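Each chain is listed here by its residues.
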Amino acid sequence: MRRLWGRLTSVNVQKAVWGLDEAGLAYERIEAGGAHGVVNDPAYRALNPNGLVPTLEEDGFVLWESNAILRYLAATVPALALPEAPRARAHAEQWIDWQSTSFTPAMRDAFWQLFRSADPDHALVAESLKRSEGMAAILERHLADRAYVAGDRFGIADIALGCAAHRWLNLPAERAERPALRRWYDSIAARPGAARALGEPVG
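Quantities reported herein were computed from a predicted structural model and do not represent experimental measurements.

Q: Looking at this structure, how should I read the sheet that holds strand β2 (residues 28–30)?
A: Strand order in the open sheet formed by four strands is β2-β1-β3-β4, with mixed pairing between adjacent strands. A single partner strand is all that each edge strand has here, and the edge strands are β2 and β4 (61–64). Adjacent strand axes in the sheet meet at a mean angle of 20° when their direction is disregarded. For strand β1 (residues 2–5) and strand β3 (residues 55–58), the ladder comprises four bridges, and the chain directions are antiparallel.

Next comes the structure, spelled out in structure tokens:
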């Protein structure tokens with residue numbers, strides 16, 4: 001029995017959902033986090049002491065942290081396997097970590113102010129958008145001459161960054177045009193495995 005705890009409005013849950021769907025694995029998703037609560041219940045904290053989502057539960061095995069879940073799927077599902085060559089693998093790992101340490105944090109204030117605040121702090125939004133544009137420019141340059149983030153085939157780096165790009169491209173704000181980023185995003189967002197993860201309105 002495989003369960004994934006978390007709400008689809010969470011970018012981190014979206015990554016896990018996309019990974020599981022891309023892998024073709026059956027699972028039950030249980031709403032948790034945000035308005036759904038659950039994450040502070042003792043039973044949930046026994047699974048994930050951080051009280052965050054997502055959490056993957058699989059036949060007694062429990063794993064939290066969205067990128068750790070993606071790496072686990074890559075290690076167990078051949079279609080999502082990371083490159084075997086150490087340098088190519090490190091390259092993929094680099095971009096997966098960059099999503100969580102640079103791109104997503106840069107847009108966090110803009111997202112929260114524009115979608116979750118009744119009285120947005122426009123100075124915070126402007127600063128967050130400025131930082132995010134810098135991250136988007138890095139990704140644009142990287143994708144200018146390649147179809148996927150790491151290597152010549154789709155992988156978990158595309159899932160991690162695809163969910164971040166989905167949020168970025170759907171912020172109600174002006175953005176610089178990034179044709180390579182848009183071309184890549186449109187391509188991976190059209191994959192059947194992306195349908196559930198990217199199908200909900202951003203917010």
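Q: How should I be thinking about helix α5 (residues 122–143) in this particular structure?
A: Helical geometry note: an α-helix holds 3.6 residues per turn, so side chains three or four residues apart project in the same direction. The end-to-end C-alpha distance of α5, which contains 22 residues, comes to 31 Å, matching closely the 32 Å that a straight helix rising 1.5 Å per residue would cover. When α5 is considered as a whole, its buried residues turn out to be V125, S128, L129, S132, E133, M135, A136, A137, L139, E140, H142 and L143. Buried residues in α5 make contact with α4 (86–116), α6 (156–169) and α7 (179–189). Here α5 starts with a cap whose side-chain oxygen sits 3.1 Å from the backbone nitrogen of A123, and that cap is D121.

Q: Quick question: what am I supposed to make of the packing of α4 against α5 here?
A: For any two helices packed against each other, one specifies the crossing angle of their axes together with the interaxial distance. The N-to-C vectors of α4 and α5 enclose an angle of 155°; their axes lie 8 Å apart at closest approach. In terms of orientation, α4 and α5 fall into the roughly antiparallel class. In this structure, α4 meets α5 at a crossing whose hand is left-handed. Here the residues of the contact of α4 with α5 are counted per class, giving 15 nonpolar, six polar and three charged.

Quick notes on the rules
- Residues numbered from 1 in each chain as written.
- Predicted model: local features only at pLDDT ≥ 70, side-chain atom pairs only at ≥ 80, totals over all residues.
- Heavy atoms only, no water.
- Pairing = 2+ DSSP bridges.
- Helix = DSSP H or I, 4+ residues; strand = E, 2+ residues; numbered from the N terminus.
- Axes fitted to C-alpha atoms, helices over the stretch in contact; angles between N-to-C directions.
- Expected span 1.5 Å × (residues − 1).
- Buried < 20%, exposed > 50% of the residue type's maximum accessible area, 1.4 Å probe, protein only.
- Contact = heavy atoms within 4.5 Å.
- Polar contact = N/O pair within 3.5 Å; in protein donor to acceptor, adjacent residues only side chain to side chain.
- Parallel < 35°, antiparallel > 145°, perpendicular 65-115°, else oblique.
- Left-handed = near helix turned anticlockwise from the far one by under 90°.
- Nonpolar A, V, L, I, M, F, W, Y, C, P; charged D, E, K, R; others polar.

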